[in-house]
Amino acid sequence: MSTIAGFDYHRVTVDDGVALTAAIGGSGSPIVLLHGFPQTHLMWRHVAADLAADHTVICPDLRGYGASDKPAELDENTYSKRTMAADIVTLARELGHERFALAGHDRGALVAFRAGLDHPDAVTHLASLDVLPTLDMWSVMQGTSAAVGFHLYLMAQPPGLAETMIAASSDAFFGYFLDLWVKDPAAIPADIRTAYLEACRNAVPSIVADYRASAGIDVRHDEQDLAAGRKLAMPVSVVQQDWGSALGFDAAARWRAWAPDLEHTTTTSGHFMAEESPAEIAKVLRDLLTR
């Protein structure tokens, strides 16, 4: 198992029959870093080592990913972002942190977003890397440009077909995104790529369930919060590729509707920005924590 050098690993029970594996290092005010797809906590290895000089850094594998538990999808709640966010708040609390900063990339950013809305007393600062909130994501995916997100539609289908198709060629499927979304292939060396592919190969049903929830219950939760006027109360930093100009929407305006205290920037890095430009991302997080 690949690990983050100098970090200790813990198994923490966060729900009935569900434990998360988390890498923990450093000391100081806590920050939790949530990985994206098709990755594990290892995507934070450079940023985590940087932040650990001043902070307690907690890097879990999300429910359904990596070395964390992968409960069967009993219903739409099993992999809702609300459930996954509650996992993270419980994880932090079990580690002794009632309040903490939270940063997420890709799928982890959606979990972080939900944690910020559901647990404003726990999340002090929030960072999101390269996503829109779920409701906005579906809203901007229109016409032929939506082909870039074909996997979102594939994994939104009822249980069965997507899992069978992906499991039949999992390395090709997950490797496709590792290759397509990276600008600097050297940022994901062979051992890390192997670790990602193995982790995903062993988690096809739960990964699909995570995505399926984002086409159903996660949308309803966002709609309910939007209708109620709920917003992210904490300072928020968003870093994205320039998807807005590419697909024809104002990304900063989309985020500002949810986050009044927003710093929104674009990067020239690829999607895997914490691995391709770790110094840039570490600075974004350090700057956020001073707000």
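Per chain, residues are indexed from 1 in the order of the written sequence. The predicted nature of this model means local features are confined to residues of pLDDT at least 70 and side-chain atom pairs, given and counted, to a pLDDT of 80 or more, with totals for whole chains, interfaces and linings taken over all residues. For the side-chain quantities, the full set of heavy atoms in the structure was used; hydrogens and water were omitted.

Caption draft 1: Summary view of the overall build of the protein. Working definition: helices are DSSP H or I runs of at least four residues, strands are E runs of at least two. Numbering for both runs from the N terminus. Scanning the protein from terminus to terminus reveals 14 helices and 8 strands. The globule rule used for comparison is 2.2 Å times the number of residues to the exponent 0.38, while the radius of gyration itself is calculated over C-alpha atoms. Its C-alpha radius of gyration of 17 Å places the protein within 12% of the 19 Å reference for a compact globule of 291 residues. C-alpha extents for the protein along the principal axes are approximately 45 × 40 × 40 Å. The buried share of the protein, reckoned over its 291 residues, is 58%. What makes two residues a contact is simply this: any of their non-hydrogen atoms within 4.5 Å. Taking as baseline every contact in the protein between residues at least 6 positions apart, the subset at least 24 positions apart corresponds to 76%. In this description, accessible areas are obtained by the Shrake-Rupley approach with a 1.4 Å probe, and a residue is regarded as covered only by the protein chains that are shown. Accessible surface for the protein amounts to roughly 11400 Å². Of this, 54% is attributable to carbon and sulfur atoms. Within this scheme the basic residues Lys and Arg register as positive and the acidic residues Asp and Glu register as negative, but His and the chain ends are omitted. Lysine's charge is taken at NZ, arginine's at CZ, aspartate's at CG and glutamate's at CD. The averaged location of the 37 negative side-chain charges in the protein is 3 Å from the averaged location of its 22 positive side-chain charges. Relative accessible area decides the class of each residue, using a 1.4 Å probe on protein chains only: under 20% of the type maximum gives buried, over 50% gives exposed, and in between gives partly exposed.

Caption draft 2: Highlighting a nonpolar patch on the surface. Any residue with relative accessible area above 30% and no salt bridge may belong to a patch, with like charges joined within 9 Å and the nonpolar Val, Leu, Ile, Met, Phe, Trp and Tyr side chains within 5 Å. By definition, a salt bridge exists where a carboxyl oxygen of Asp or Glu is found within 4 Å of a side-chain nitrogen of Lys or Arg. Together, F150, Y176 and L180 give the surface a local cluster of nonpolar side chains, amounting to about 280 Å² of exposed area. Within the secondary structure, F150 is located in helix α5 (residues 150-154).

Caption draft 3: Representation of the environment of Q240. Residue position: Q240 is located in strand β7 (residues 236-240). Residues Q240 and A252 lie 12 residues apart in sequence; the distance between their C-alpha atoms is 9.5 Å. The residues touching Q240, leaving out its near neighbours within four places in the chain, are D130, V131, L132, A251, W255, H264, T265, T266, T267 and M273. Within 3.5 Å is the distance limit for a polar contact, defined as a pair of N or O atoms, with the added protein rule that one can donate a hydrogen and the other accept it, and that residues adjacent in sequence qualify only through two side-chain atoms. There is a polar contact of 2.9 Å between the side chain of Q240 and the backbone oxygen of V131.

Caption draft 4: Structural view of the nonpolar core. By nonpolar core we mean a set of buried residues, namely Ala, Val, Leu, Ile, Met, Phe, Trp, Tyr and Cys, connected to one another through side-chain atoms within 4.5 Å. If you look at the biggest cluster of nonpolar residues, it comprises 99 residues, and the most contacted ones within it are L33, W44, L102 and L285. In terms of residue count, the dominant contributor to this core is helix α3 (residues 107-118) (7 residues). Beyond its immediate sequence surroundings of up to four residues, L33 is in contact with W44, A48, L51, V57, I58, C59, P60, A103 and L285.

Caption draft 5: Representation of empty space enclosed by the protein. A pocket here means an open set of points on a 1 Å grid, computed over the protein atoms alone, that has protein on both sides within 12 Å along at least five of seven lines. A cavity is instead a set of points where a 1.4 Å probe fits but cannot get out; residues with an atom within 4 Å of a point line either one. Grid points are joined across faces, edges and corners, and a volume is the space filled by probe spheres set on the points. Evaluated as defined, the whole model comprises 2 cavities of 30 Å³ or more. Forming the walls of the largest cavity are 20 residues, and the residues nearest its centre are D130, V131, M137, L152 and W243. For the lining of the largest cavity, the secondary-structure elements that each account for two or more residues are α3, α4 (134-140), α5 and α11 (243-247). Here the lining of the largest cavity is built from residues that sort into 13 nonpolar, 4 polar and 3 charged. Each residue gets one label: Ala, Val, Leu, Ile, Met, Phe, Trp, Tyr, Cys and Pro are nonpolar, Asp, Glu, Lys and Arg are charged, and the others, such as Gly, are polar.

Caption draft 6: Representation of the packing of helix α7 (residues 170-180) against helix α8 (residues 190-201) within the structure. Axes, fitted as lines to C-alpha atoms, cover a helix only where it is in contact. Angles between the N-to-C directions of the axes lie from 0 to 180 degrees. Interhelical geometry of α7 versus α8 gives an angle of 135 degrees and a closest axis separation of 9 Å. Taken as axis vectors, α7 and α8 run oblique relative to one another. Judged by the twist between their axes, the crossing of α7 over α8 is right-handed. Contacts between α7 and α8 pair S170, D171, F174, G175, L178 and D179 from the former with R193, Y196, L197, C200 and R201 from the latter. Working definition: roughly parallel below 35 degrees, roughly antiparallel above 145 degrees, roughly perpendicular at 65 to 115 degrees, and oblique for all remaining angles. Crossing handedness follows the turn of the near helix against the far one: under a right angle anticlockwise gives a left-handed crossing, and clockwise gives a right-handed one.

Caption draft 7: Seen up close, the packing of aromatic side chains. Pairing of aromatic rings covers Phe, Tyr and Trp, the last through its six-membered ring, and needs centres within 6.5 Å; plane angles under 30 degrees mean stacked, over 60 mean edge-to-face, and all others mean tilted. A full pass over the atoms with the stated rule returns 14 aromatic pairs. Ring geometry for W181 against F272: centres 6.2 Å apart, planes inclined by 45 degrees, an arrangement best described as tilted. Note that W181 is positioned in the loop between α7 and α8 and F272 in the loop between β8 (262-266) and α13 (273-276), a separation of 91 residues in sequence. The exposure classification of W181 matches that of F272, with both residues buried. Here the aromatic cluster, defined as three or more aromatic residues joined through ring pairs, consists of F37, F150, F173, F174, Y176, F177, W181, Y211 and F272. Consider the ring centre and the ring normal. A charge sits over the ring if Lys NZ or Arg CZ is within 6 Å of that centre and within 35 degrees of that normal. We note R107 situated over the ring of Y211; from NZ or CZ to the ring centre the distance is 3.7 Å.

Caption draft 8: Local environment of helix α9 (residues 204-213). Burial within α9 is extensive, with 9 of its 10 residues counted as buried. Burial in α9 covers these residues: V204, S206, I207, V208, A209, D210, Y211, R212 and A213.

Caption draft 9: Inspection of the pattern of salt bridges at higher detail. In this structure the tally under the stated criterion is 23 salt bridges. Between K81 and D210 there is a salt bridge, with its nearest N and O atoms 2.9 Å apart. You can see K81 sitting in helix α2 (residues 81-94) and its partner D210 sitting in helix α9, a full 129 residues away along the chain. Residue class for D210 comes out buried when judged on its relative accessible area of 0%. A salt bridge links D261 to R291, with the nearest nitrogen and oxygen atoms 2.9 Å apart. One end of the pair, D261, is in the loop between α12 (251-256) and β8; the other, R291, is in the segment after α14 (278-289), with 30 residues separating them in the sequence. Residue class for D261 comes out partly exposed when judged on its relative accessible area of 36%. Residue class for R291 comes out partly exposed when judged on its relative accessible area of 31%. Within the structure, one salt-bridge network assembled from shared partners comprises R82, R114, D118, D222, D225 and R230.

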